[in-house]
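So you can see what is in the structure, the chains are spelled out below.
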Number of protein chains: 2
Amino acid sequence: MDPTSRIELALETAVGQAATEDCPKGLADALRYAVFPGGARVRPRLCLSVAHACGDTDPALADAAASAIELLHCASLVHDDLPCFDDAAIRRGKPSVHLAFGEPIAVLAGDALIVLAFETLARAAGSDAARLARIVGLIGRGVGAPHGIAAGQAWESEPDVDLARYHRTKTGSLFATATMCGAAASGHDPVPWQALGERIGEAFQVADDLRDVVEDTLSTGKPSGQDAARARPSAVTSLGLAGAVRRLEGLVAAAVEAIPPCPGRDELRDQILQESRHFLPKGVPLIAA
Amino acid sequence: MDPTSRIELALETAVGQAATEDCPKGLADALRYAVFPGGARVRPRLCLSVAHACGDTDPALADAAASAIELLHCASLVHDDLPCFDDAAIRRGKPSVHLAFGEPIAVLAGDALIVLAFETLARAAGSDAARLARIVGLIGRGVGAPHGIAAGQAWESEPDVDLARYHRTKTGSLFATATMCGAAASGHDPVPWQALGERIGEAFQVADDLRDVVEDTLSTGKPSGQDAARARPSAVTSLGLAGAVRRLEGLVAAAVEAIPPCPGRDELRDQILQESRHFLPKGVPLIAA
């Protein structure tokens, strides 16, 4: 089965465990709405690419890790869109969860998606439960405090913010989780895979800052110019447009350099280079391709 | 070490892993504030009592389960107090987290506490990782959808609510998680322990409904009369004051009947009967003690 089908099937199975007939209808509908249809599923695809490059020795666990990472990403979007954060009206081209279902259900849908991610991992325990414990720990690190998404968003409430640390926690951490879990799911030591994920995450964040400036609401599915409007740290603000594009290119080059030795190294490098071309907003050319 | 010290130490250790110097200060402070000083720690004490009654064969895992359950309870309080839910100003006798730290940090603190609960379990994996997977699954079931706290709170947004199901999910589920995880942490089959937890949870909910009516803000640490003010389902509304007290007594009696065979059955029964006396609000006498 191709990676996209594996991810969608794993997400369907996971969400189907929560959004049952026993679940309050509003919450069940909101869970589906928050996860389907998805965005580019960049993080779970990265996780499966690394699992594949490492031999894909436990596909069920790799699928569980990939879908848990995407569920957590969706949870973070639902909470990030809330009125007390970005107050976003549009996400993935449709009304944000709190506008469609109300704020209480949006808070609960985010909470339930976080829990569902860990339940999904537990269901994939299989025979090598120690491997599962490692993945639960890695995923927790990527989304909690002090190194994960929750901490990253909390930096927005601090008076002094180090831009690199802000991006590393809010965005980079879940990319690092994706590469590390892909390796761990295939029985490889996850630690050497952290740098790859962090660099891809940093590149993705720079690309997101670029998109925020150069694309319109229709093409990104969310309002543009939000970083400047909210005086949020942005690579474009600090480096300028050309500087940000150069930074993105440098990060992608550094990422592929950071791929650790593994059976599918060359294929993985090609995938990452190809994927990174989609990062760049339409209308912004690569300076050196 | 006595159970209270075990729980506080385990919670200190867990929160210390998240609220580090690397963590944004607002979030770190909010995490501590949400967990310390605690309430009665009823759920983690129940978990450890059951683990003890079952032989306490893996105290580190029992401590992790107990503290994870309390972290999740604290997370649910932080989110339940938010303006879009109860809009509560006071919790445990001090300003609620969103009043003390702002709404964004309150949302993130709840999220980070949920994640921390699962990280805490992963850290306690030890040699029997399969046991850990079972506990992650049980805890996920108790707090997520469709059977756990998130679903329970979501019933408040539905037009038709079955009172029993509402209480079973919003309150009973985490008590059932506590008894089941206590048993599972000591290597016993958790399933026979579900009924005990559910009945204690139901008794606790009835006691909470009674407290909401008869006690004042000073003694409960939160505003009274909120159920009637919000037209929320309540045992006192449906059964009357005397009827609710009789229901509470019946549930406690049914709970001790439901204790499965285990080495420490008699001691556990005595503990539960003693504990349940503290459930009853001051000034409300037991009808048949």
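Residues numbered from 1 in each chain as written. Chains lettered and ligands numbered in written order. Predicted model: local features only at pLDDT ≥ 70, side-chain atom pairs only at ≥ 80, totals over all residues. Heavy atoms only, no water.

In the annotation of an unreviewed UniProt entry, chain A is listed under the name Probable farnesyl diphosphate synthase and assigned to Tepidamorphus gemmatus. Looking at the Cofactor (unreviewed entry) heading of the UniProt record, one finds this comment for chain A: "Mg(2+)". (UniProt positions renumbered as here; feature names shortened; annotations may be inferred.)

Participant: Is there a simple way to explain the side chain of His79(B) in this structure?
Facilitator: With respect to the secondary-structure elements, His79(B) resides in helix H4 (residues 59–80). Those residues in contact with His79(B), other than ones at most four positions away along the chain, are His79(A), Val107(A), Asp111(A), Phe85(B), Ala106(B), Val107(B), Gly110(B) and Asp111(B). (Helix = DSSP H or I, 4+ residues; strand = E, 2+ residues; numbered from the N terminus. Contact = heavy atoms within 4.5 Å.)

Participant: Please explain the interface of chain A and chain B as it appears in this structure.
Facilitator: Often, the extent of an interface is quoted as the loss of accessible area upon association of its parts. Facing the 48 residues of chain A at the interface are 48 residues of chain B. Together, the buried faces of chain A and chain B total about 3800 Å²; carbon and sulfur atoms form 74% of this surface. Along the contact surface separating chain A from chain B lie two salt bridges. Between Arg165(B) and Asp22(A) there is a salt bridge, and its shortest N-O distance comes to 3.7 Å. Mapped by element, the contributors of at least two residues to the side of chain A that touches chain B are helix H1 (3–18), helix H2 (25–35), helix H6 (103–123), helix H7 (129–143) and helix H8 (149–155) of chain A. Ranked by residue count, the leading element in the side of chain A that touches chain B is H6(A), at twelve residues. The class makeup of the residues in the side of chain A that touches chain B is 30 nonpolar, ten polar and eight charged. (Buried area = accessible area lost by both parts, 1.4 Å probe. Salt bridge = Lys/Arg side-chain N within 4 Å of Asp/Glu carboxyl O. Nonpolar A, V, L, I, M, F, W, Y, C, P; charged D, E, K, R; others polar.)

Participant: I'm lost on the relation of the copies chain A and chain B in this one. Help?
Facilitator: Think of it as a corkscrew move, a rotation about one axis and a shift along it, taking one chain copy to the other. Its rotation angle being 180 degrees, the transformation that places chain A on chain B also includes 0.0 Å of axial translation and leaves an RMSD of 0.0 Å. Interpreted geometrically, this transformation is the action of a two-fold axis. Taking the C-alpha atom as reference, chain A places Ala129(A) closest to the rotation axis, 2.5 Å from it. Comparing interface residues between copies, 100% of those in chain A also lie at the interface in chain B; the contact surface is shared. (Least-squares fit on C-alpha atoms with pLDDT ≥ 70 in both.)

Participant: Would you explain the state of the cysteines in this entry?
Facilitator: A covalent bond bridging the sulfur atoms of two cysteines is what the word disulfide describes. Counted under the stated rule, the structure contains zero disulfides over all chains. Cys23(A) takes part in no disulfide bond, and the closest cysteine sulfur, belonging to Cys74(A), lies 16 Å away. When its relative accessible area of 4% is taken as the criterion, Cys23(A) is described as buried. Free cysteine: Cys47(B), not disulfide-bonded; nearest cysteine sulfur from Cys181(B) at 5.9 Å. (Disulfide = S-S within 2.5 Å. Buried < 20%, exposed > 50% of the residue type's maximum accessible area, 1.4 Å probe, protein only.)

Participant: Could you clarify how one ought to interpret helix H9 (residues 163–185) of chain B in this entry?
Facilitator: Residues and elements named next belong to chain B. Along its 23 residues, H9 runs 31 Å from first to last C-alpha, staying within 8% of the 33 Å computed at 1.5 Å per residue. Of all bends in H9, the biggest is about 55 degrees, found at Gly172. Following H9 by one or two positions, Gly187 adopts a phi angle in the positive range, close to 85 degrees. (Expected span 1.5 Å × (residues − 1). Bend = angle between axes of the 7 residues up to and from the residue.)

Participant: In this structure, what is going on with a nonpolar patch on the surface? I would like to understand it.
Facilitator: Residues and elements named next belong to chain A. Together, Val213, Val214 and Leu241 give the surface a local cluster of nonpolar side chains, amounting to about 220 Å² of exposed area. Mapped onto the elements, Val214 comes out in helix H10 (residues 194–214). The class of Val214 is partly exposed, set by a relative accessible area of 33%. (Patch = residues over 30% accessible without salt bridge, like charges linked within 9 Å, V, L, I, M, F, W, Y side chains within 5 Å. Areas by Shrake-Rupley, 256 points an atom, 1.4 Å probe, with all protein chains shown as cover.)

Participant: Would you mind going over unusual backbone geometry with me for this structure?
Facilitator: Comment: phi is negative for the bulk of residues other than glycine, and the bulk of peptide bonds are trans. Residue and element names in this part refer to chain A. With an omega dihedral of 5 degrees, the bond running from Ala145 to Pro146 counts as a cis peptide bond. In this fold, Pro146 is placed in the loop between H7 and H8. Of note, Asp87 is a non-glycine position whose phi angle comes to about 50 degrees, a positive value. The exposure class assigned to Asp87 is partly exposed, which follows from its relative accessible area of 46%. Phi is positive for Arg92, close to 50 degrees, though the residue is something other than glycine.

Participant: Can you walk me through the packing of helix H4 (residues 59–80) of chain A against H6(A) in this structure?
Facilitator: For any two helices packed against each other, the geometry comes down to the angle between their axes and how far apart the axes lie. Residue and element names in this part refer to chain A. Running from N to C, H4 and H6 cross one another at 165 degrees; their axes reach a closest spacing of 8 Å. In terms of orientation, H4 lies roughly antiparallel with respect to H6. The two elements H4 and H6 meet at a crossing, and its hand is left-handed. For the pair H4 and H6, contact is made by Ala64, Ala65, Ser67, Ala68, Leu71, Leu72, Cys74, Ala75, Val78 and His79 and by Ala106, Val107, Gly110, Asp111, Leu113, Ile114, Leu116, Ala117, Thr120 and Leu121, respectively. Looking at the contact of H4 with H6, its residues break down into 15 nonpolar, four polar and one charged. (Axes fitted to C-alpha atoms, helices over the stretch in contact; angles between N-to-C directions. Parallel < 35°, antiparallel > 145°, perpendicular 65-115°, else oblique. Left-handed = near helix turned anticlockwise from the far one by under 90°.)

Participant: Help me understand helix H3 (residues 42–53) of chain B in this model?
Facilitator: Every α-helix carries 3.6 residues per turn, so stepping three or four residues along brings you back to the same face. Residues and elements named next belong to chain B. With twelve residues, H3 should reach 16 Å at 1.5 Å per residue; the first-to-last C-alpha distance of 16 Å fits that figure. A large share of H3 lies buried, amounting to ten of its twelve residues. Regarding H3, the residues found buried are Val42, Arg43, Pro44, Leu46, Cys47, Leu48, Ser49, Val50, Ala51 and Ala53. Among the structural elements, helix H1 (3–18), H4, H9, helix H10 (194–214) and helix H14 (265–279) are those in contact with the buried residues of H3. Directly after H3, the chain includes Gly55, whose backbone phi takes a positive value near 105 degrees.

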